[in-house]
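Chain residues, written in single-letter form:
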Amino acid sequence: MKYSSLLFANLFRKKVRLMLTIGSFAAALFLFTFLAVVKSAFSRGVEVAGADRLVVINRTSIIQPLPIADRDKILTIPGIKAITHNNWFGGVYQDEKNFFPQFAIDIENQRMVFPEMVVPDDQWKTFLNDRQGAIAGARTAKRFGWKVGDRIPIKTTLFGGPGAWEFNLDGIYHNDRPGGDESQFWLQYKYFDESMPADQKGLIGWYVIRLDNPEDAARVAGAVDAVFANSTYETKTETESAFAASWVKQFGNIEFLILTIGSVVFFTLLLVTGNTMAIAVRERTAELAVLKAVGFSDRAVLFMVLGESILIAAIGGTLGLVFAAAAVPVLANALNGLLPVLVVSPVTLLTGVGFALAVGALSGLIPAFGAMRLRVVDALRRV
Amino acid sequence: MVRVDGSGSGGALIQVRGVDKNYSRAGEEIHVLQSLNLDVDKGEFVAFMGPSGSGKTTLLNLLGGLDVPTHGSITVDGDEITHMSAGKLTQWRARHVGFIFQMYNLIPVLNAFQNVELPLLLTKLSKSERRQHVEAALTIVGLAERMNHYPRQLSGGQEQRVAIARAIVADPTFLLCDEPTGDLDRKSADEILDLLTRLSTEYHKTILMVTHDPAAAERAHTLLHLNKGVLVEGAHLDQVAGGVA
């Protein structure tokens, strides 16, 4: 702490340069945090996917249906605790921009397969007895200000022609898993199926299987696909996390994209800060020599330069993280729930701080070593 | 007492024995100092004069532990510094040497107080003790009322006085002054020389000063002339001044 006055005095020596360097850090950390949040949002599905669940889709594509009759055949395979099915409803609430996922669900088995999505028993009971009933995720309910008992019109261009389907909001579910999805909207499959034209009745979008033992996943998945091999409706069965991962891949290789941008940011920042520190040390050659002459050790000079670099990184990094934390909710609102959960998690913040400090330390290392190895006699001769 | 023939007693504060300093430049060996002997007793005020390139600053660097001789030994207050490690030498400098440079070399972003305090940061003194020492040093150099001024707010002479306060604040064994008046006008130079003379007479500081200025050399108890790496005792000022020109 004795050296803090010297450290801070040196830091504020060139105010414009300091502001620009801190600005570079803040911008880079802002971008880093943003990318990390988006990456996390894309991979959230994979992270929270049940280890004991399999998803069965039409081998051709997820938009191709499967017969509901396949359910009984699947249940003959040993190791299955429960099975349920979902259909994509594809509607919007009031306006095109109000997107959120809606599923026609199998009310008898939904809660057995997705136990983490918790609906109060009384609300669930009301839902079961209400043909036009619906359950909404807490996040979606909050987004639109819905309360239990509200009448919810949902427009869909996929089913039932123009006009809105009317639903009674009978309940709101919460997700027990941290970061789990609370954006879905459930309606009864029976009500949905009744409204389908004859050639589309008895079809579902995909099955979700809950296993007795997660270790049986590969065996059961293989058995399901074997049952329907060479049939009209061939299946593709995979774990829920693999399914979520392949869903994310439809958007492109997000991880690679983010890693690439992150690496470019990292090295650019390294060069900018390294250059700034190198100039700062070069400008101060005589002063560093005097410090050494009066008795400051090589190590003290090394840590002084490194400390300066790390301090710049810490200030800039913190600013960037604060701006990002403030901006992410704004982005989340602007995206209208297009991405499931956009949050700056403590892990992201800690990673950001670590990233900033690492860049600060690395960029200061070469100038600091230069300062440490500076020979007083040579430096004073240059003055 | 100051001797250059190596005949000094073991009680001298500074003992230099058979010191050579060679540099290699573009493959050529340059002998800057040759078989140099010097004995300086405590409280002496010694001036070194000589033409440019005669080795004055090199000698000062060796005495201050900033450089090491090619051959020979230097002993200060019983410590032989020629074989000390770099780390030990740094600690030794902090304790024993006060440097005063021609260009003052103050840290521009620190005020006078903070500049003077720098050597004390390396000690175990408390903040209040450091303050007492700094105020005392600035009072000696007559700048107690300017302690919050930055170097840019001071004249050249005042800057050099702050540099002198920095050099004496830790009460070092001796002061090394490299052209302390070289960048000052006559009036300011005289003020600095008055101050150095006071440090020598009132505070009994041992001072070794390199200078081109005959007026500065006159203030010293002993004048040594350095020419082509060889030290000569008792050179006349006229001869020395002629050499400089």
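Just so it is clear, the model here is predicted, and its values are computed rather than measured.

Caption draft 1: Geometry of the overall build of chain A. When helices and strands are counted, chain A shows 14 helices and 13 strands. Computed over the C-alpha atoms, the radius of gyration of chain A is 29 Å, more than 25% above the 21 Å expected from 2.2 N^0.38 for a compact globule of 383 residues. Among the 383 residues that make up chain A, the fraction classed as buried is 50%. Residue pairs in contact within chain A that sit at least 24 positions apart in sequence constitute 79% of those at least 6 positions apart. Carbon and sulfur atoms make up 63% of the accessible area of chain A, which totals about 18,100 Å².

Caption draft 2: Looking closely at the side chain of Asn10(A). As for its position among the elements, Asn10(A) is in helix α1 (residues 4-11). There is a polar contact of 2.5 Å between the side chain of Asn10(A) and the side chain of Arg13(A). Those residues in contact with Asn10(A) that lie beyond four places of it in its chain are Arg284(A), Glu287(A), Glu308(A) and Val109(B).

Caption draft 3: Representation of the interface of chain B and chain A. Taken together, the 24 residues of chain B in the interface contact 22 residues of chain A. Together chain B and chain A conceal approximately 2,000 Å² of surface at their shared face, both sides included; 67% is due to carbon and sulfur atoms. Broken down residue by residue, the surface that chain B buries against chain A is led by Val109(B), Leu121(B) and Leu122(B), which jointly contribute 25%. Counting across the chain B and chain A interface gives one salt bridge. Asp67(B) is the salt-bridge partner of Arg375(A), the closest N and O atoms lying 3.2 Å from each other.

Caption draft 4: Inspection of the packing of aromatic side chains at higher detail. Here the structure, examined in full by the defined rule, presents 28 aromatic pairs over all chains. Seen in terms of ring centroids, Tyr189(A) and Phe192(A) are 6.3 Å apart; in terms of plane orientation they differ by 40°. Their pairing is tilted. Placement of both Tyr189(A) and Phe192(A) in helix α7 (residues 189-194) is noted, with a separation of three residues, approximately one turn of the helix. Considered together, Tyr189(A) and Phe192(A) belong to a single accessibility category, that of buried residues. When the centroid spacing of 5.8 Å and the interplanar angle of 5° are considered together, the rings of Phe99(B) and Phe101(B) count as stacked.

Caption draft 5: Structural context of unusual backbone geometry. Residue and element names in this part refer to chain B. One non-glycine residue with positive phi stands out, namely Ser-35, at about 40°. Given a relative accessible area of 52%, Ser-35 falls into the exposed group. Even without being a glycine, Asp-77 presents a positive backbone phi close to 50°. Examined against the element boundaries, Asp-77 turns out to sit in the loop between β5 (71-76) and β6 (79-80).

Caption draft 6: Focus on the nonpolar core. Phe296(A), Ile14(B), Leu36(B), Leu38(B), Phe48(B) and Leu208(B) are the most contacted members of the largest nonpolar core, which totals 80 residues. In contact with Phe296(A), not counting residues within four places along its chain, are Tyr3(A), Leu6(A), Leu291(A), Val301(A), Met304(A), Thr90(B), Leu118(B), Leu121(B) and Leu122(B). Membership of the second largest hydrophobic core comes to 40 residues, among which are Tyr104(B), Val162(B), Leu195(B) and Ile207(B).

Caption draft 7: Representation of the domain arrangement of chain A in the model. Its domain assignment divides chain A into domain 1 (4-43 + 252-382) and domain 2 (60-233). Measuring from the centre of the C-alpha atoms in domain 1 of chain A to the corresponding centre in domain 2 of chain A gives 48 Å.

Caption draft 8: A look at the packing of helix α5 (residues 156-168) of chain B against helix α6 (residues 186-201) of chain B. Residue and element names in this part refer to chain B. Taken N-terminus to C-terminus, the directions of α5 and α6 make an angle of 20°; their axes are 9 Å apart at the nearest point. Between α5 and α6, the angle falls in the class roughly parallel. Note on packing geometry: the crossing formed by α5 with α6 is right-handed. Every residue of α6 that contacts α5 at Gly-157, Gln-160, Arg-161, Ile-164 and Ile-168 is listed here: Ser-188, Glu-191, Ile-192, Leu-195, Leu-196 and Leu-199. Taken together, the residues that form the contact of α5 with α6 break down as six nonpolar, three polar and two charged.

Caption draft 9: Geometry of the sheet that holds β6(B). All names here are of chain B. Taken in spatial order, the five strands of this open sheet run β1-β3-β2-β5-β6, and their pairing is antiparallel. Lying at the two open borders of the sheet, with one neighbouring strand each, are β1 (2-3) and β6. Pairing of strand β2 (residues 14-25) with strand β3 (residues 28-40) involves nine bridges; the strand directions are antiparallel. When the sheet's bridge partners are listed, Val-16 is paired in β3 with Leu-38. Sitting on the sheet, helix α1 (residues 56-63) touches β2, β3 and β5, and the angle it makes with β2 is about 120°.

Caption draft 10: Examining the packing of helix α10 (residues 254-283) of chain A against helix α13 (residues 346-373) of chain A more closely. All names here are of chain A. Running from N to C, α10 and α13 point in directions that differ by 35°, and their axes come no closer than 8 Å. With respect to the hand of their crossing, α10 and α13 are arranged in right-handed fashion. The residues of α13 that touch α10, namely those facing Phe-266, Leu-269, Leu-270, Thr-273, Gly-274, Met-277, Ala-278 and Val-281, are Phe-355, Val-359, Leu-362, Ser-363, Gly-364, Pro-367 and Ala-371.

Caption draft 11: View of the sheet that holds strand β4 (residues 45-49) of chain B. Residue and element names in this part refer to chain B. Strand order in the open sheet made by the six strands is β7-β8-β9-β4-β10-β11, with mixed pairing throughout. On the outer flanks of this sheet lie β7 (97-100) and β11 (230-233), each paired with one strand and no other. Each adjacent strand pair in this sheet contributes to an overall mean axis angle of 20°, direction not counted. Two elements, strand β10 (residues 222-227) and β11, share four bridges in a ladder whose sense is antiparallel. By the bridge assignment, His-225 is partnered in β11 with Val-232. Against the sheet, α5 engages β7 and β8 (174-178), with an angle of about 170° to β7.

Caption draft 12: Local environment of the pairing of β5(B). Residues and elements named next belong to chain B. In this sheet, β5 lies alongside β2 in antiparallel orientation, the contact comprising five bridges. Residue pairing in the sheet places Ile-14 in a bridge with Val-76 of β5. Judged from the two bridges that link them, β5 and β6 form a sheet pairing that is antiparallel. Counterpart to Val-76 in the pairing with β6 is Asp-79. Where β5 folds back onto β6 in an antiparallel hairpin, the turn is made up of two residues, including Asp-77, whose phi is positive at roughly 50°.

Thresholds applied
- Residues numbered from 1 in each chain as written.
- Chains lettered and ligands numbered in written order.
- Predicted model: local features only at pLDDT ≥ 70, side-chain atom pairs only at ≥ 80, totals over all residues.
- Heavy atoms only, no water.
- Helix = DSSP H or I, 4+ residues; strand = E, 2+ residues; numbered from the N terminus.
- Rg over C-alpha atoms; globule rule 2.2 N^0.38 Å.
- Buried < 20%, exposed > 50% of the residue type's maximum accessible area, 1.4 Å probe, protein only.
- Contact = heavy atoms within 4.5 Å.
- Areas by Shrake-Rupley, 256 points an atom, 1.4 Å probe, with all protein chains shown as cover.
- Polar contact = N/O pair within 3.5 Å; in protein donor to acceptor, adjacent residues only side chain to side chain.
- Buried area = accessible area lost by both parts, 1.4 Å probe.
- Salt bridge = Lys/Arg side-chain N within 4 Å of Asp/Glu carboxyl O.
- Phe/Tyr/Trp six-rings, centres within 6.5 Å; stacked < 30°, edge-to-face > 60°.
- Core = buried A, V, L, I, M, F, W, Y, C linked by side-chain atoms within 4.5 Å.
- Domains from an automatic or database assignment.
- Axes fitted to C-alpha atoms, helices over the stretch in contact; angles between N-to-C directions.
- Parallel < 35°, antiparallel > 145°, perpendicular 65-115°, else oblique.
- Left-handed = near helix turned anticlockwise from the far one by under 90°.
- Nonpolar A, V, L, I, M, F, W, Y, C, P; charged D, E, K, R; others polar.
- Pairing = 2+ DSSP bridges.

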